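Observations on the three-dimensional arrangement
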Amino acid sequence: MKFISWNIDSLNAALTSDSARAIMSRLVLDTVIKENADVIAIQETKLPYTGLSKKHIAKLAEYFPDYDYVYRSSEDPARKSYAGTMTLYKKGLKVEPTYPQIGAPCTMDFEGRIITLEFDNFYFTHVYTPNAGNGLTRLADRQVWDKLYADYLKSLDQNKPVIAAGDFNVAHEEIDLAHPENNHESPGFTDEEREGFTNLLAKGFTDTFRHIHGRVEGKYTWWAQRVKTSKINNSGWRIDYFLVSERIKDLITNSDMIDSGERQDHTPIVLEINI
C-alpha cells in the first residue's frame, strides 16, 4: 500500500482561493494525485468549523473522484478555521474512522488534530502536533501532549500494528535540520520536544525514513516561508514523519519526500509498505 502525508497549510485556500500561494498549493496537489496513493493524509486544513461548503465538496470531488474522505475541524472552544485534518482513502477500502481525544491540555483536543482509520490488520493514524509557539509559550502544554500522544499510539499498537503519519513539529536529531547550532531554543528543536519524540519511538515505533536511508543528511520536509532563500539554500527541517510499529518495519519498501517544486513550507512525504 502507498500512503502520503502532507501539511498543506490551508486546504481551505487551496480549494477556494486564486491567490498565488493557493495556485502553488494546487500544483502540489496535482503531484500528489499522480502518485495514486491508497491513503492521503492532510494536516492544517483550516476548514470552517461549520463544515465543508458546497464549493469545498465540489472541488474535492473534482480533485479526488476515486476517494472517500473523513475530516475533523477545530471546534469550540478552539479557534475557528484553525489546524484541522482530513484523510482521503480509495473507494472500496473498508475502514472504521475515529476522531480521538487524548486528554490534552488547553484547547488541543478541540483543534481537529488526530484522525485514525482502523483497517482489518492495522491502524493508520495521522496527527498535526501542536507547535510550542513563539517564545515557547505552549511548550509546557506540548510536553503533556507528547506524552499523551505516545500513550495513545502505544494503546493502538497493543491491538494491531500502527502506521502513524503527520507533522510532528519536531526535528529529532541535529541531522534533521540545516542549522542546529542556531536553533536549540527554537520551537521544534528544544531538548524537551526532542526528548518527547525519543520517548515516542522508545514505545516500539520506527522512524521509517531513517530505517530506509540511514544517517543521510540534507533531506528535509519544511522550509520557512518567511525566508525567501530557505528552499533555494536547502535551509530546512525534517519535521514530518511516517512511523510504524517496529514489528512491521521490515515490510517498508519506500519512505521519502515528494518534490513540491518552488513552494516553500511543508512538502508531502510518501510511505510504501507491503501490508
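All values derive from a computational prediction rather than experimental measurement.

This part takes up the sheet that holds strand E1 (residues 2–7). The strand order across the open sheet formed by six strands is E3-E4-E2-E1-E14-E12, and the pairing between neighbours is mixed. At either end of the open sheet lies a strand with only one pairing partner, and these are strand E3 (67–72) and strand E12 (252–257). Ignoring which end each strand starts from, the neighbouring axes of this sheet average 10 degrees apart. As paired strands, strand E2 (residues 39–43) and strand E4 (residues 85–90) are joined by five bridges and run antiparallel to one another. Within E4, the residue paired with Ile 42 across the bridge is Met 86. Each of E1 and E2 is contacted by helix H2 (residues 20–34), which is oriented at about 170 degrees to E1, the strand it contacts most.

For the structure shown, the criterion picks out 13 aromatic pairs. With centroids separated by 6.4 Å and ring planes inclined at 45 degrees, the aromatic side chains of Tyr 63 and Phe 64 adopt a geometry described as tilted. Judged by its relative accessible area of 15%, Tyr 63 falls in the buried class. A ring pair is formed by Tyr 149 and Tyr 152, whose centres lie 6.4 Å apart and whose planes are at 40 degrees; its orientation type is tilted. Here Tyr 149 pairs with Tyr 152, and both are found in helix H4 (residues 139–157), just three residues apart, close to one helical turn. In terms of burial, Tyr 149 and Tyr 152 fall into one category: buried. Pairwise contacts between aromatic rings join Trp 145, Tyr 149, Tyr 152, Phe 168, Phe 197 and Tyr 241 into one cluster. Over the aromatic face of Tyr 123 sits the side chain of Lys 160, whose NZ or CZ is 5.4 Å from the ring centroid.

Within a regular strand, side chains alternate between the sheet's two faces. Most of strand E6 (residues 114–118) sits inside the fold, with four of its five residues counted as buried. Note: strand E5 (residues 96–98) against E6, three bridges, orientation antiparallel. Each bridged residue has a counterpart across the sheet, and for Thr 98 the counterpart in E6 is Thr 116. One ladder, built from five bridges, connects E6 with strand E7 (residues 123–128); its direction is antiparallel. Directly across from Ile 114, in E7, lies its bridge partner Val 127. Turn length for the E6-E7 hairpin, with the two strands adjacent in sequence and antiparallel, is four residues.

By the secondary structure assignment, Arg 138 is in the loop between E7 and H4. One polar contact links Arg 138 to Glu 111, side chain to side chain, over a distance of 2.7 Å. Once you skip the residues sitting within four places of it in the chain, Arg 138 turns out to touch Tyr 82, Cys 106, Thr 107, Met 108, Glu 111, Arg 113, Pro 130, Asn 131 and Ala 132.

The next thing to look at is the UniProt feature "active site" (unreviewed entry) in the chain. As annotated in UniProt, the feature "active site" (unreviewed entry) corresponds to Tyr 128, Asp 167 and His 266 in the numbering used here. Despite a sequence span of 139 residues, these residues sit close together in the fold, their greatest C-alpha distance being 12.3 Å. For Asp 167, the location among the structural elements is in strand E8 (residues 162–167). Apart from residues no more than four positions distant in its own chain, Asp 167 is found in contact with Asn 7, Gln 43, Val 127, Tyr 128, Thr 129, Ile 239, Asp 240 and His 266. Those residues in contact with His 266 that lie beyond four places of it in its chain are Trp 6, Asn 7, Asp 167, Thr 221, Trp 222, Ile 239, Asp 240 and Ser 260. Within the local environment of His 266, its side chain forms a polar contact with the side chain of Asn 7, the two groups lying 3.5 Å apart.

Reading the values: rules and limits
The residue numbers shown here count from 1 along each chain, following its written sequence. In view of the model being predicted, local features appear only for residues whose pLDDT reaches at least 70, and side-chain atom pairs are presented and counted only at 80 or more, with totals across whole chains, interfaces and linings using the full set of residues. With hydrogens and water excluded, all non-hydrogen atoms of the structure serve as input to the side-chain values. When DSSP finds two or more bridges between a pair of strands, those strands are recorded as paired. A run of H or I in DSSP counts as a helix once it spans at least four residues, and a run of E counts as a strand once it spans at least two, with each numbered from the N terminus. The angle between two axes is taken between their N-to-C directions and runs from 0 to 180 degrees, where each axis is a line fitted to C-alpha atoms and a helix contributes only its stretch in contact. Only heavy atoms enter the contact rule, under which two residues are in contact if any of them lie within 4.5 Å. Pairing of aromatic rings covers Phe, Tyr and Trp, the last through its six-membered ring, and needs centres within 6.5 Å; plane angles under 30 degrees mean stacked, over 60 mean edge-to-face, and all others mean tilted. Buried residues are those whose accessible area, probed at 1.4 Å on protein chains only, stays under 20% of the maximum for their type, while exposed residues exceed 50% and partly exposed ones sit between those limits. Throughout this description, the term charge over a ring refers to an Arg CZ or Lys NZ atom that lies within 6 Å of the ring centre and within 35 degrees of the ring normal. Throughout this description, a polar contact denotes any pair of N or O atoms lying within 3.5 Å of each other; where both atoms belong to protein, one of them has to be capable of donating a hydrogen while the other can accept it, and for residues adjacent in sequence the pair is counted only when both atoms sit in side chains. UniProt positions are given in the numbering used here, feature names are shortened, and annotations may be inferred rather than shown by experiment.

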